[in-house]
Amino acid sequence: MSTQHTKIKFLAHASFQITTPEGRTILIDPWYTDNPYLPAGTAIPEQVDLILLTHGHGDHMDKKIIDMIRNLSPKVIANPGVRVYLANNSVPAHVFEGMNAGGTVSLLDVRITMTNAFHHAAITQPDGKQGYLHQPNGFIIWLSDDVSVYYAGDTSVFGDMALIGEIYEPDIAILPIGDRFTMGPLEAAFATRLLKVNHVIPCHYGTMPALTGTPQRLKELTQDLSHLEIHELKPGEVLETSGLKLKQW
């Protein structure tokens, strides 16, 4: 059943669920297992069509991701390091849509471009040891109703965000603002200017003491941008994209 327009649901921390105009479900960096920040009763959807993974840290890739993929049979897009880990743990090859930074694939009535991100990442093995060092990434997601979303992933601000803005012209940017391990509000304010977006959804803040960045501080640092809307979503809240002013500056 068509939803007619894109819906973006903030699950918690840095996990999101996008419902496409065609009614398909996309999960970005799903973290359900032992996630204390999810609203009570939040469950993995019965239908998941596509999973996007930016990197293998436990707060971005559920520790039961392999079971999730086996049970739901979604398509999976991840960087090569994460793909190797999943493949080595018996995730079947047919679920993967192989790609790397700078590439674009079309599937399920969406287009996905993989972008750079700057963040050190590894995957914690069942024995507790760290392995599978890899370079994280972000994603541009184009939906059939002409909504485009930039999910930056865990990253610092970097100058080529200006190129991301110029080349891909995202309408909505999902940016980490917690500081210490990613951008804080200061850097996210600069990222917003480089990207020239009208809408920002902050994430990856407030879920542990070290993540001190706040949406309020981001609003203070961008108050000169009269076109900008910062959507401070609570866990479980949905942003309806219909009616939003989606053009860039």
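Being a predicted model, the structure only gives us computed values, none of them experimental.

Trainee: Whenever I open this one, the packing of helix H3 (residues 161-168) against helix H4 (residues 185-195) confuses me. Can you help?
Mentor: Helix-helix packing: each pair is described by the crossing angle between the helix axes and the interaxial distance. Two elements in contact, H3 and H4, have axes whose closest approach is 7 Å; the angle formed by their N-to-C orientations is 35 degrees. For the pair H3 and H4, the sense of crossing is right-handed. Here H3 contributes Met 161, Ala 162, Ile 164 and Gly 165 to the contact with H4, which in turn contributes Ala 191, Leu 194 and Leu 195.

Trainee: I tried to follow the side chain of Thr 115 on my own but got confused; where do I start?
Mentor: With respect to the element layout, Thr 115 can be found in strand S7 (residues 110-116). Looking at Thr 115, the relative accessible area reads 4%, which means it is buried. With residues near it in sequence (within four places) discarded, Thr 115 still touches Ala 101, Asn 137, Gly 138, Phe 139, Ile 140, Tyr 150 and Ile 164.

Trainee: Got a minute to help me understand H4 in this structure?
Mentor: One turn of the α-helix equals 3.6 residues, which is why residues spaced by three or four share an orientation. Pro 185, Ala 188, Ala 189, Ala 191, Thr 192 and Leu 195 are the residues of H4 that are buried. When H4 is viewed along its axis, its buried side chains cluster within an angular range of 160 degrees and face the same direction. Directly after H4, the chain includes Lys 196, whose backbone phi takes a positive value near 60 degrees.

Trainee: What should I look at first to understand the sheet that holds strand S2 (residues 15-19) in this one?
Mentor: By way of backbone hydrogen bonds, the strands of a sheet pair with one another, either parallel or antiparallel. Spatially, S5-S4-S3-S2-S1-S15 is the arrangement adopted by the six strands of the open sheet, whose pairing is mixed. Of all the strands in the sheet, just strand S5 (75-78) and strand S15 (238-240) have a single pairing partner and so form its edges. Adjacent strand axes in the sheet meet at a mean angle of 15 degrees, parallel and antiparallel pairs treated alike. One ladder, built from three bridges, connects strand S1 (residues 7-12) with S15; its direction is antiparallel. Opposite Ile 8, over in S15, you have Leu 239 as the bridge partner. In this fold helix H2 (residues 80-88) packs onto strand S4 (50-53) and S5, with an angle of close to 135 degrees to the strand it touches most, S5.

Trainee: Would you mind showing me how to read the environment of Ser 144 here?
Mentor: Relative to the helices and strands, Ser 144 resides in the loop between strand S10 (137-142) and strand S11 (148-151). For the pair Ser 144 and Glu 22, spaced 122 residues apart in sequence, the C-alpha to C-alpha distance is 8.3 Å. When residues no more than four places from it in sequence are discounted, the contact partners of Ser 144 are Pro 21, Glu 22 and Asp 109. Engagement of the side chain of Ser 144 in a polar contact is seen with the side chain of Glu 22, the distance being 2.5 Å.

Trainee: Could you clarify how one ought to interpret the environment of Trp 31 in this entry?
Mentor: Within the secondary structure layout, Trp 31 lies in the loop between strand S3 (25-28) and S4. If we ignore the near neighbours within four places in the chain, the residues touching Trp 31 are His 13, Ser 15, Pro 36, Tyr 37, Leu 38, Gly 58, Asp 59 and Asp 62.

Trainee: Any chance you could explain helix H1 (residues 65-72) here in plain terms?
Mentor: Taken as a whole, H1 has its buried residues at Ile 65, Ile 66, Met 68 and Ile 69. All buried residues of H1 fall inside an arc of 160 degrees around its axis, so they share one side. One or two residues past the end of H1 sits Ser 73, with phi positive at roughly 55 degrees.

Trainee: In this structure, what is going on with empty space enclosed by the protein? I would like to understand it.
Mentor: In this approach a probe as big as a water molecule rolls over the atoms, and the regions it shows empty are the leftover space. Enumeration according to the criterion identifies one cavity of 30 Å³ or more in this entry. Estimates place the volume of the largest cavity at around 30 Å³. In terms of lining residues, the largest cavity is bounded by Ala 14, His 60, Tyr 151, Ala 152, Gly 153, Asp 154, Ile 174, Pro 176, Cys 203 and His 204. Taken together, the residues of the lining of the largest cavity sort by class into six nonpolar, three polar and one charged.

The rules behind these values
Residues numbered from 1 in each chain as written. Predicted model: local features only at pLDDT ≥ 70, side-chain atom pairs only at ≥ 80, totals over all residues. Heavy atoms only, no water. Axes fitted to C-alpha atoms, helices over the stretch in contact; angles between N-to-C directions. Helix = DSSP H or I, 4+ residues; strand = E, 2+ residues; numbered from the N terminus. Left-handed = near helix turned anticlockwise from the far one by under 90°. Contact = heavy atoms within 4.5 Å. Buried < 20%, exposed > 50% of the residue type's maximum accessible area, 1.4 Å probe, protein only. Arc of directions from axis to C-beta. Pairing = 2+ DSSP bridges. Polar contact = N/O pair within 3.5 Å; in protein donor to acceptor, adjacent residues only side chain to side chain. 1 Å grid on protein atoms, 1.4 Å probe; cavity = no way out; pocket = protein on both sides within 12 Å on 5 of 7 lines; lining within 4 Å. Points joined across faces, edges and corners; volume = space filled by probe spheres on them. Nonpolar A, V, L, I, M, F, W, Y, C, P; charged D, E, K, R; others polar.

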